[in-house]
Amino acid sequence: MSHFLKAAPLAQLTLLVGTAAFAQDTTVEAQDHAFGVETVVEGLSHPWGLAFISDTEFLVTERNSGALRVGNVDGSLSDPIWEASDLFRYEGETERSQAGLFDVKLHPDFTENGWAYLSYSRKTDHGAAVTIIRGTVEQDDGDVTFGEIEDIFVMKQEDQDSSGLHFGGRMAFDPEDQSLFLSIGERRNLERAQDVADQAGSVLRLTDAGEAHPDNPSFEAEADEGEPDPYIYSMGHRNIQALTLHPDTNALWAVDHGPEGGDVIQLIEAGNNYGWPFLTGGTDYSGAPIGVGLSREGMTSAVHVFEETVAPSGVTFVSAGSNFENWTGDMLVGGLVTEGIVRVRLEEGEVVAEEAIDIGHRVRDVHIGLDGNIWLLTEEEDGAVLRLTPEG
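What you see is a predicted model, and the numbers here were worked out from it, not measured in a lab. (Residues numbered from 1 in each chain as written. Predicted model: local features only at pLDDT ≥ 70, side-chain atom pairs only at ≥ 80, totals over all residues. Heavy atoms only, no water.)

Visitor: How would you summarise the packing of aromatic side chains if you had to cite specific residues and measurements?
Guide: One pass over the full model with this rule turns up 15 aromatic pairs. A ring pair is formed by Trp48 and Phe102, whose centres lie 5.2 Å apart and whose planes are at 55°; its orientation type is tilted. A residue pair is termed long-range when its members are at least 10 positions apart, and Trp48 in strand β6 (residues 47-52) and Phe102 in strand β10 (residues 101-106) qualify at 54 residues. Taking the relative accessible area as the measure of exposure, Trp48 reaches 1% and is therefore buried. Between the aromatic rings of Tyr117 and Phe173, the centroid separation amounts to 5.0 Å while the plane-to-plane angle is 80°, which identifies the pairing as edge-to-face. Of this pair, Tyr117 sits in strand β11 (residues 115-124) while Phe173 sits in strand β14 (residues 171-173), and the two are 56 residues apart along the sequence. The class of Phe173 is buried, set by a relative accessible area of 11%. Each residue in the set Trp48, Phe88, Phe102 and Phe167 is aromatic and connected to the rest through ring pairs, giving one cluster. Between the NZ or CZ atom of Arg134 and the centre of the ring of Trp115, over which it lies, the distance is 3.6 Å. The ring of Phe167 carries Arg187 above its face, with NZ or CZ at 3.9 Å from the centroid. (Phe/Tyr/Trp six-rings, centres within 6.5 Å; stacked < 30°, edge-to-face > 60°. Helix = DSSP H or I, 4+ residues; strand = E, 2+ residues; numbered from the N terminus. Buried < 20%, exposed > 50% of the residue type's maximum accessible area, 1.4 Å probe, protein only. Lys NZ or Arg CZ within 6 Å of the ring centre and 35° of its normal.)

Below, the structure is given as structure tokens:
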């Protein structure tokens, strides 16, 4: 039985690091670790994805502006080094749009090839297409550039529409075969998650060059009409914005948004149907019931359903050798509604404990940095990069 604990901020402090002054916004007393929260970089417009390119520099995306920028642990932030000129943001009410520039991921052989991958919503004649581009990151005399850009993947034309909701957009690389996973939400159209000919509502697996992976499963048995899409790795998802591979087992894990409640942790395996909208622990925003419950024959149930709404975005595992040694092996989930992170302990594939840790900001992404600390992005108009450093 899992238990939902809550850790809260304790104090306001100021910390000087080298020549840069960082605001240590709070000290947080969580289970097994107390840690400080430092604002390293601020002034980002709805940051979405982060990737370290060196011990001191990182790439960071801004959803609304479509800009890729370079941050530094000294607190500096570059002008945009690339901007999406064909960005789809919205049609209709702007405040509800989830469209824009999403994730950034480095190729497993980044130190040799310099490749970085970006996902975003591209404006097309048919509305919007979830798109992945690849470019080369080069560092010269302290300047970072992003060039030699090419399309890797564009959502197929018949699956494009003009909704501003449920793009997914999170990526994860498999370091063993260099395949690339991409989540695409069901675009706020529930039935699309059960259509194996539709890329929406799925996790896709691509080669690093953007082709459908040759070892992807066949969904012929699930096809009602139309040919199953060859990119689909798993189906029946709502809007995954948290996707990662376990550093030890290489298993693929996702945390999917529920509707009103019902956020879920899923162990993603090839060929599985995760059941949305039939399987859910939540309800419609109107309060109306959805689905048949948490299990159904032929569908894969979630590993865990959160009792309280997390609104998950970004997930990682605390790897051995990090500075949070008492949390080694635990899952960390970014929380937009919980305004912090949720630490989840797994044993033999089951959740045995969880702890909601209040950071005081909507968290969009979470990483273990090269320095062994926890790094977060905050989902705000004046967003920030935060570093969590354990005390003692």
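Visitor: Could you give me a rundown of the environment of Asn326, with the residues and numbers involved?
Guide: With respect to the helices and strands, Asn326 occurs in the loop between β22 (312-317) and β23 (331-335). Classification of Asn326 by relative accessible area gives partly exposed; the value is 41%. Discounting residues that sit within four places of it in the chain, Asn326 has contacts with Asp32, His33 and Arg345. At 2.9 Å, the side chain of Asn326 forms a polar contact with the backbone oxygen of Asp32. (Contact = heavy atoms within 4.5 Å. Polar contact = N/O pair within 3.5 Å; in protein donor to acceptor, adjacent residues only side chain to side chain.)

Visitor: I'd like a description of the sheet that holds β10, backed by residues and values.
Guide: Taken in spatial order, the four strands of this open sheet run β10-β11-β12-β13, and their pairing is antiparallel. Each edge of the open sheet is held by one strand with a lone partner, namely β10 and β13 (143-154). Pairs of neighbouring strands in the sheet enclose a mean axial angle of 30°, with direction left out of account. As paired elements, strand β12 (residues 127-140) and β13 share nine bridges and run antiparallel to each other. Considered in β13, the bridge of Ile133 is made with Asp151. (Pairing = 2+ DSSP bridges. Axes fitted to C-alpha atoms, helices over the stretch in contact; angles between N-to-C directions.)

Visitor: I'd like a rundown of the nonpolar core, residues and numbers included.
Guide: Ranked by internal contacts, the top residues of the largest apolar core, which has 26 residues, are Ile132, Phe153, Leu182, Ile184, Leu204 and Leu206. Of all elements in the fold, only β12, β13, β14, β15 (180-184), β16 (202-206) and β17 (232-235) reach the threshold of two or more residues within this core. (Core = buried A, V, L, I, M, F, W, Y, C linked by side-chain atoms within 4.5 Å.)

Visitor: Go over the sheet that holds strand β7 (residues 57-62) with me, naming the residues and quoting the values.
Guide: Here we have four strands laid out as an open sheet, ordered β6-β7-β8-β9, and antiparallel in their pairing. One side of each edge strand has no neighbouring strand; the edge strands of this open sheet are β6 and β9 (82-83). Bridge analysis of β6 against β7 gives four bridges, and the strand direction is antiparallel. What sits directly across from Pro47, in β7, is Glu62.

Visitor: For the pairing of strand β24 (residues 340-347), give the residues involved together with the corresponding values.
Guide: For β24, a buried count of six out of eight residues is recorded, marking the element as mostly surrounded by other parts of the structure. Direction of pairing for β23 relative to β24: antiparallel, over a ladder of five bridges. Bridge pairing in β24 links Gly334 to Ile341. As paired strands, β24 and strand β25 (residues 350-358) are joined by eight bridges and run antiparallel to one another. Among the inter-strand pairings, Leu346 is bridged to a residue of β25, identified as Val351.

Visitor: Residues and numbers for unusual backbone geometry, please.
Guide: Between Trp276 and the following residue, Pro277, the backbone shows a cis peptide bond with an omega angle of 5°. Among the structural elements, Pro277 can be located in the loop between β20 (264-268) and β21 (304-305). Its identity is not glycine, yet Asp141 carries a phi of approximately 55°, on the positive side. Mapped onto the fold, Asp141 is located in the loop between β12 and β13. Given a relative accessible area of 74%, Asp141 falls into the exposed group. Of note in the backbone geometry, Asn250 takes a positive phi value of approximately 70° without being a glycine. Its place among the elements puts Asn250 in the loop between β18 (240-245) and β19 (252-256). On the basis of relative accessible area, Asn250 is assigned to the buried category, the value being 17%.

None of the figures reported here should be taken as evidence of function without further support.
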